[in-house]
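The residues making up each chain are set out below.
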Amino acid sequence: MTAKSAVELAGGILVAVETPSDGATFTLSEHDTEDRRVVTVSSVPDALGELRERCARWPQAAAVCDDVLRAVDPAAPAYGGVITESLAYSTLQAGGEFARWLAERGPAAPVDIPEPVQADRVEDTLYVRFNRPQRHNAFSTDARAALLEALEVARLDPSVREVVLSGNGRSFCSGGDLAEFGTFADPASAHLARTRHSPALALAELTGRLGRRCRAEVHGQVLGSGLEMAAFCGWVQARGDAVFGLPELRLGLIPGAGGTVSITGRIGRWRTAYLVLSGQTIDPPTALRWGLIDAIE
């Protein structure tokens, strides 16, 4: 494999090797670099082999992920990107790859946990905490509604001058609650629910007003929608035990909580694509180097 080679995988995913390329989905290298187009791996052939298998298993989701990341402008207002992402997500919800995952998962019953989000105001600071610790704060429909209700307080009250988002228990948020996946009435209704009641847009607005005073304090599992929402905050501080990743591809889906906007804005579309397509997780030092987080406790 030459230094200037590139490999096309299923779904039209183009992976460049060693030489960075704007046109590639991302570039793999065995050498350290600050170039956001490049992901450093210990073995390029091994990484390509894993990517080839994953893209072959989920070619539609891989292709849609690449399309959305190329279409979204993270420098533009969040609304357009969130809408684009949600429409693509709903398309995949109606697709065969997600249906296959649902069949493989089998029947599942959503778990109702009282008070899925806690919110307390202390002077001019609003503390918002995910509160489903039994499930690593997996993000459920009721958690989304409760989170949005808490964020609306800060959004509508200018006397709230700081917002702190965190999670109770062992994890910040492990992503969407898999027991709820597949319970939507139809993809169009799911799109309207995501975009008309969007914590992502509320967090983007609060960060626009408060800057780094809208912050996330993360630990444990920081995956999927948990990572996507944290990345909207103006400042993200992580404990040393944090693990970051975007596991949605194995469901035949892409990030659906605004991550193609928030994460791309922090680390670029290339490394965001790598996290989705590879399914690999990264540790806090790597997240800090990439700009995914701002500080490690």
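Counting restarts for each chain, with residues numbered from 1 along the sequence as it is written. Only residues with pLDDT of at least 70 get local features here, since the model is predicted, and only at 80 or more are side-chain atom pairs given and counted; chain-wide, interface and lining totals rely on the full set of residues. No hydrogens and no water enter the side-chain calculation; it runs on all heavy atoms of the structure.

Peer 1: Go over the overall build of the chain, please, and point to the residues and values.
Peer 2: Along its length, the chain carries 10 helices and 12 strands. C-alpha atoms define the radius of gyration, and 2.2 Å times the number of residues to the power 0.38 defines the globule rule. Taking 2.2 N^0.38 as the reference for a compact globule, 297 residues should give roughly 19 Å; the C-alpha atoms of the chain span a radius of gyration of 19 Å, in line with that estimate. For the chain, the spread of C-alpha atoms along the principal axes amounts to about 60 × 40 × 35 Å. When burial is assessed residue by residue, the chain has 53% of its 297 residues classed as buried. Across the chain, the fraction of contacts at a sequence separation of at least 24, relative to all contacts at a separation of at least 6, is 68%. Asp and Glu count as negative and Lys and Arg as positive, but His and the ends of the chain are not part of the count. One atom stands in for each charge, and that atom is NZ of Lys, CZ of Arg, CG of Asp or CD of Glu. Computed over 29 positive and 37 negative side-chain charges, the inter-centroid distance for the chain is 1 Å. Starting at the N terminus, helices and strands are each numbered in turn, a helix being any DSSP run of H or I of at least four residues and a strand any DSSP run of E of at least two. The classification of residues rests on relative accessible area computed with a 1.4 Å probe and restricted to protein chains. Under 20% of the type maximum is buried, over 50% is exposed, and intermediate values are partly exposed. Contact between two residues is taken to exist if any of their heavy atoms lie within 4.5 Å; hydrogens are not considered.

Peer 1: Before we move on, can you summarise the nonpolar core with the specific residues and values?
Peer 2: Among the nonpolar cores identified, the biggest contains 85 residues, and F26, L28, F130, L147, V163, V218 and F244 are the most heavily contacted of them. Take this core: its biggest share by element is 9 residues, from helix α9 (residues 259-278). Setting aside its immediate chain neighbours within four residues, L28 contacts V15, A16, V17, E18, V39, V41, V44, A47, L48, L51 and Y274. For this analysis, a nonpolar core means a set of buried residues of the types Ala, Val, Leu, Ile, Met, Phe, Trp, Tyr and Cys, connected via side-chain atoms within 4.5 Å.

Peer 1: With reference to specific residues and values, describe the pattern of salt bridges.
Peer 2: A pair is scored as a salt bridge if a Lys or Arg side-chain nitrogen falls within 4 Å of a carboxyl oxygen belonging to Asp or Glu. Taken as a whole and assessed by the stated rule, the structure comprises 14 salt bridges. Here D66 makes a salt bridge to R70, at a shortest N to O gap of 3.2 Å. A residue pair is termed a helical-turn pair when its members lie 3 or 4 positions apart in one helix, as D66 and R70 do in helix α2 (residues 59-71) at 4 residues. By relative accessible area, which is 38% here, R70 ends up partly exposed. For R155, the salt bridge is made with E152, and the minimal N-O distance between the two is 2.6 Å. Here R155 pairs with E152, and both are found in helix α5 (residues 141-156), just 3 residues apart, close to one helical turn.

Peer 1: Can you explain helix α7 (residues 199-210)? Please cite residues and give values.
Peer 2: For α7, built from 12 residues, the straight-helix expectation of 16 Å at 1.5 Å per residue is met to within 8% by its first-to-last C-alpha distance of 16 Å. The secondary structure elements touched by the buried residues of α7 are α5, β7 (162-167), β8 (214-218) and α8 (225-230). To estimate how far a helix should reach, multiply one less than its number of residues by 1.5 Å.

Peer 1: Tell me about the sheet that holds strand β5 (residues 117-122), and name the residues and values.
Peer 2: Taken together, the 6 strands give an open sheet; going across it, the order is β5-β6-β7-β8-β10-β12, and neighbouring strands pair in mixed fashion. Edge positions in the open sheet fall to β5 and β12 (295-296), since each of these has one partner strand only. Pairing geometry for strand β10 (residues 235-238) and β12, over 2 bridges, is parallel. Across the sheet, residue Q237 finds its bridge partner in β12, namely A295. When DSSP finds two or more bridges between two strands, those strands count as paired.

Peer 1: Hey, could you go over the side chain of S29 for me, with residue numbers and the actual values?
Peer 2: Take S29: it is sitting in strand β3 (residues 26-29). Those residues within four positions of S29 in sequence are excluded, and the remaining contacts are E18, V38, V39, T40, V41 and V44.

Peer 1: Quick rundown of the pairing of β5? Include the residues and the values.
Peer 2: Where β5 and strand β6 (residues 125-130) come together, 6 bridges link them in antiparallel fashion. Directly across from R121, in β6, lies its bridge partner L126.

Peer 1: Pulling in residues and values, what's your account of the sheet that holds strand β1 (residues 6-9)?
Peer 2: The pairing of strands in a sheet comes from backbone hydrogen bonds and takes either a parallel or an antiparallel form. The mixed open sheet is built from 4 strands, whose spatial order is β1-β2-β3-β4. The sheet is open, and its two borders are formed by β1 and β4 (38-40), each paired with just one other strand. Averaged over all adjacent pairs, the angle separating strand axes in this sheet is 30 degrees, with direction ignored. Of the strand pairs in this sheet, strand β2 (residues 13-17) and β3 are connected by 3 bridges, and their pairing is parallel. Residue pairing in the sheet places A16 in a bridge with T27 of β3. Helix axes are fitted only over the stretch in contact, all axes being lines through C-alpha atoms; the angle between N-to-C directions runs from 0 to 180 degrees.

Geometry only, nothing functional implied.
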